[in-house]
Amino acid sequence: MYKILAKKDLVPQIHLFRMAAPAVAKKARAGQFVVVRIDEKGERIPLTVADWNEKEGTVTIVFMEVGATTARLALLKEGDAIADFVGPLGLPAEIEKFGTVVCVAGGVGAAPVAPIARELKKAGNKVISILGARTKELLFWEDVLKSTSDKLIVTTDDGSYGRKGVVTVPLKELLENGEKIDRVVAIGPVVMMKFCSLTTLPFGVKTIVSLNPIMVDGTGMCGCCRVAVGGETKFACVDGPDFDGHKVDWDLLAARQRIYLGEEKCAYEEWQKSHSA
Amino acid sequence: MAKLNLNRVAMPRQAPKKRAKNFNEVALGYSLVQAKEEAGRCIQCPKRNCVEGCPVGVDIPDFIRAIREGDMPEAVRVLKSKNALPGICGRVCPQESQCEATCSLAKKEAPIAIGRLERFVADWERANMGAAKSPKSSNPTGKPPGKKIAVVGSGPAGLTAAADLSKLGYSVTIFEALHVAGGVLMYGIPEFRLPKAIVQAEVDYVASLGVKIELDSVVGKLATIDELLADGYQAVFLGTGAGLPMFMNIEGENLNGIYSANEFLTRVNLMKAYLFPDYDTPVKIGKRVAVIGGGNVAMDSARCALRLGADKVYIVYRRSEVELPARREEVENAQEEGIEFRLLTNPKKFLGNEQNWVVGMECYEMELGEPDDSGRRRPVVKEGSEFVIDVDEVIVALGTRPNPLIASTTEGLKTTKHGTVVADEATGKTVKDKVWAGGDIVTGAATVISAMGAGKVAAADINKFLGG
């Protein structure tokens, strides 16, 4: 069992757990993920590592309530424990001195972007971050990203905070304004990563995205997470999760994320029924 | 000499129509009377060819004699002194090509049903003695325990190596990547062929010998092999199997509704998707399901799909019935349950709809040409023979390769072009100092018992290396 040492509700639907997981903490790197299972009947779900502390033996995960499993996870409190916490899985993000890197975080993507921005800055890059959300209430970790970036631009779709609009608008401005951008890292919903990649494509700036297909084991065993990158099939769990956004088949990814839409809805409704009762 | 009795006692089984709708075990096991009757057919021949035919060298005539004499505790003792996993082996070993093939009565086409008797002994023990009461290691070497050995993977090879090494007095830790121990016995072989409670009882037995099992531990991602060696482990046994599914690399393979057999079986067996939504993991339930391949994994996948409620399940295999690599018994079980075999058929591409769901499979008719390297006649495409099978789910069961994780994170291991780890067949020793390997990671996908045999061989060699 893995104990929840601290819990924080970042925004109403997005929660942070600091987990006791010393072995994972020792090995975790920015860009990797863990597979979590709540209990005996639970499914295995991948969650990105948002932070870790080797000395304390802790790993921080951030997740959004999107279905039965994450809703069940959200009900757990400090001191509770979950059955399984497997990791660190996937390849770490590439961290080296590229020059100037733009890190774009959409919604819950702020969590995985934060350690990547921090490590990129440590490696000597100039880091410009763009943090976007639908509305002010859904923004979190502005302070964290501010501290790990040379410059931070915040956007909300409805203009309730920061600049009004989506993240691709300031991204395009940065690319157009003459400053040499050496790399872009974009993490968030599929549609956001897709449009960031489309935005950078004409500028020829390498754009790394972190893909989040459905997974089961997370160790290369099942092939559930297969994605097409540059016309080749890859397993996101072991070949990724980071890939070149200009080569990703986004439509395939979006279609494969919908495989269990019906079952997910059924499970969520069942859970809501039993939970309210 | 008494007259030979050539009437094998039949295995009671669930009726095909009934079992095709449930996940309960198909074979029901002998009663004591049936077991004694079958054991009574053994002529206790002095040649003991059956023992030769067993990859782990079980003293078969001795446990059969004990059954005949009604001394079940003795039968248990004999069996378990060589085989830590008899309930598993009695169910899934291909006895017909091993011990039963070398049985003196095999010439008369009535070999003793050794597998069924093995299963009976294991089930009797579980029902009457309980795994917890199994004798702990008596440390037969008499040397103080303490030398640490790491076993990577808790499938049949790892469990066997760990059990043998623990009995020899070593301090053994198994590292398992998944959340339960058992490897392919848990995620691959379905409940109706190998109940998971039996796997867990035999895992518990291995643990009762003093073996420590660390779950959720992905070696290579957590500690590497070299870090384990630096951390005081004096030998490492790699039994990580062949867990990487192979696809065909043909058009449309990433359509929704196309599974690797590994994924489909993992969802159903390990995650218990057949109990969704009580269990959280879902699996798609197709109406018309095609399983591509002709091995045991293909049969398992097809029979799972049928039990989940498919109207029509096809086995699509590119050769003919005689070349099917699956056990005869499993092919017959599948046929009885209504699985349709589309032989000499091979997919060309998968057809999808606008939502990326598979709706059909374009196939070639095949014919058999000259024998290939495997000795089987090579399937050849009949040009212009393309036709479409309507399907809404496809399960690709074309074999697996070792996961590259261990090899890619370990300096000094030698691998083949198939991704298997090179190890001496007689000892299990790899080219890397202090590292042994056995089972599917060395041979590619094979049988449970051959993996156990390899685990045993490696355990003996590790003991020799460590001065036992």
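Residues numbered from 1 in each chain as written. Chains lettered and ligands numbered in written order. Predicted model: local features only at pLDDT ≥ 70, side-chain atom pairs only at ≥ 80, totals over all residues. Heavy atoms only, no water.

Engineer: What should I look at first to understand the nonpolar core in this one?
Structural biologist: What tends to happen in soluble globular proteins is that the nonpolar side chains get buried as a cluster. With 113 residues, the main nonpolar core has Phe63 and Phe264 of chain B as its most contacted residues. Leave out the neighbours within four places in its chain, and Phe63 of chain B touches Val58, Ala75, Val78, Leu79, Ile114, Leu117, Glu118 and Val121 of chain B. One finds Ala28, Ala30, Ala74 and Leu131 of chain A within the second-largest nonpolar core, a separate group that totals 55 residues. (Core = buried A, V, L, I, M, F, W, Y, C linked by side-chain atoms within 4.5 Å. Buried < 20%, exposed > 50% of the residue type's maximum accessible area, 1.4 Å probe, protein only. Contact = heavy atoms within 4.5 Å.)

Engineer: Can you walk me through the packing of helix α4 (residues 60-68) of chain B against helix α8 (residues 114-128) of chain B in this structure?
Structural biologist: In a pair of packed helices, the angle between the axes and the distance between the axes together describe the arrangement. Residue and element names in this part refer to chain B. The interhelical angle for the contact between α4 and α8, taken along N-to-C directions, is 60°, at an axis separation of 11 Å. By the angle between their directions, the pair α4 and α8 is classed as oblique. Read as a crossing pair, α4 and α8 show a hand that is left-handed. Here Ile60, Phe63, Ile64 and Ile67 of α4 come into contact with α8, specifically with Ile114, Leu117, Glu118 and Val121. Of the residues contributing to the contact of α4 with α8, the split by class is 7 nonpolar, no polar and 1 charged. (Axes fitted to C-alpha atoms, helices over the stretch in contact; angles between N-to-C directions. Helix = DSSP H or I, 4+ residues; strand = E, 2+ residues; numbered from the N terminus. Parallel < 35°, antiparallel > 145°, perpendicular 65-115°, else oblique. Left-handed = near helix turned anticlockwise from the far one by under 90°. Nonpolar A, V, L, I, M, F, W, Y, C, P; charged D, E, K, R; others polar.)

Engineer: Whenever I open this one, the confidence of the model for chain B confuses me. Can you help?
Structural biologist: Atom-level detail of predicted coordinates should not be read off regions where pLDDT is low. Looking at chain B as a whole, its pLDDT mean stands at 93, while 96% of the residues score no less than 70. Across the interface, the model reports ipTM at 0.95; the global pTM reads 0.94. (pLDDT = per-residue confidence, 0-100.)

Engineer: What's the story with the environment of Glu94 of chain A in this structure? I'm lost.
Structural biologist: Residues and elements named next belong to chain A. Assignment of secondary structure puts Glu94 in the loop between β7 (84-89) and β8 (100-106). Each C-alpha atom, one on Glu94 and one on Arg118, is 13 Å from the other, the two residues being 24 residues apart in sequence. Filtering out sequence-adjacent residues up to four positions away, Glu94 remains in contact with Leu120 and Arg183. Separated by 3.1 Å, the side chains of Glu94 and Arg183 make a polar contact. (Polar contact = N/O pair within 3.5 Å; in protein donor to acceptor, adjacent residues only side chain to side chain.)

Engineer: What is the right way to look at the pattern of salt bridges in this model?
Structural biologist: For side chains of opposite charge, pairing can occur when their charged atoms come near one another. According to the stated counting rule, one finds 55 salt bridges over all chains in the structure shown. The closest approach of N and O atoms between Lys126 of chain A and Glu179 of chain A, which form a salt bridge, is 2.7 Å. Placement of the pair is Lys126 of chain A in strand β9 (residues 126-133) and Glu179 of chain A in the loop between α5 (168-176) and β12 (183-187), with a sequence separation of 53 residues. The exposure class of Lys126 of chain A is partly exposed, given its relative accessible area of 36%. Arg119 of chain B is the salt-bridge partner of Asp123 of chain B, the closest N and O atoms lying 3.4 Å from each other. With Asp123 of chain B and Arg119 of chain B both in helix α8 and 4 residues apart, this pair spans about one turn of that helix. Residue Arg119 of chain B is classed as buried on the basis of its relative accessible area of 4%. When salt bridges that share partners are traced, they join Arg13, Arg19, Arg193, Asp300, Arg303, Arg307, Glu330, Glu336 and Glu337 of chain B into one network. (Salt bridge = Lys/Arg side-chain N within 4 Å of Asp/Glu carboxyl O.)

Engineer: How should I be thinking about the sheet that holds strand β4 (residues 233-238) of chain B in this particular structure?
Structural biologist: For sheets, the rule is that strands pair by backbone hydrogen bonds, running either parallel or antiparallel. Residue and element names in this part refer to chain B. Spatially, the 5 strands line up as an open sheet ordered β3-β2-β1-β4-β16, and their pairing is parallel. The open sheet has two edge strands with one neighbour each: β3 (212-214) and β16 (435-437). Strand-to-strand twist of the sheet, defined as the mean angle between neighbouring strand axes without regard to direction, takes the value 20°. Where strand β1 (residues 148-152) meets β4, 5 bridges bridge the pair, whose relative direction is parallel. Among the inter-strand pairings, Ala150 is bridged to a residue of β4, identified as Val236. Strands β1, β2 (171-175) and β4 of the sheet are contacted by helix α9 (residues 156-167), whose axis makes an angle of about 165° with β2. Sheet contacts for helix α18 (residues 448-465): β1, β4 and β16; angle to β4, the most-contacted strand, approximately 165°. (Pairing = 2+ DSSP bridges.)

Engineer: For this particular structure, what's the right way to read the domain arrangement of chain A?
Structural biologist: Interfaces are frequently sized by the accessible area removed from exposure as the parts join. Residues and elements named next belong to chain A. By the assigned domains, chain A splits into domain 1 (2-89) and domain 2 (100-257). A C-alpha centroid distance of 21 Å is found between domain 1 and domain 2. The partner domain 2 presents 20 residues to the 20 residues of domain 1 that form the contact. Between domain 1 and domain 2, a total of about 1600 Å² is buried, with carbon and sulfur atoms accounting for 71% of that surface. Here Arg118 ties to Asp51 by a salt bridge, and the two come within 3.1 Å at their closest N and O atoms. (Domains from an automatic or database assignment. Buried area = accessible area lost by both parts, 1.4 Å probe.)

Engineer: Looking at this model, I keep getting lost on the sheet that holds strand β14 (residues 393-396) of chain B. Mind explaining?
Structural biologist: Residue and element names in this part refer to chain B. Here 5 strands make up an open sheet; going across it, the order is β6-β14-β7-β8-β9 and the pairing parallel. Single-partner strands in this sheet number two, and they are β6 (258-260) and β9 (340-342). Ignoring which end each strand starts from, the neighbouring axes of this sheet average 25° apart. Two elements, strand β8 (residues 312-316) and β9, share 3 bridges in a ladder whose sense is parallel. In the strand pairing of β9, Tyr314 is matched with Glu340. Strands β6 and β14 of the sheet are contacted by helix α13 (residues 261-270), whose axis makes an angle of about 85° with β6.

Engineer: Quick question: what am I supposed to make of the interface of chain A and chain B here?
Structural biologist: Each side of the interface is counted separately: chain A has 43 residues, and chain B has 40 residues. Both sides together, the interface formed by chain A and chain B hides about 3400 Å², and carbon and sulfur atoms give 54% of it. Of all residues in chain A, Lys41, Met221 and Arg226 of chain A bury the most surface against chain B, accounting for 21% of the area lost on that side. Put simply, chain A and chain B have 4 salt bridges between them. Among the salt bridges present, the one from Glu263 of chain A reaches Lys284 of chain B, with a minimum N-O distance of 3.0 Å. For the interface between chain A and chain B, the tally reads 23 residue pairs in polar contact (both at pLDDT 80 or more). Elements represented by at least two residues in the side of chain A that touches chain B include exactly α1 (22-27), α2 (68-74), β7, β15 (232-235), α8 (250-257) and α9 (261-276) of chain A. Ranked by the residues each element gives to the side of chain A that touches chain B, the list is headed by β7 of chain A, at 6 residues. Of the residues assigned to the side of chain A that touches chain B, the class counts are 21 nonpolar, 9 polar and 13 charged.

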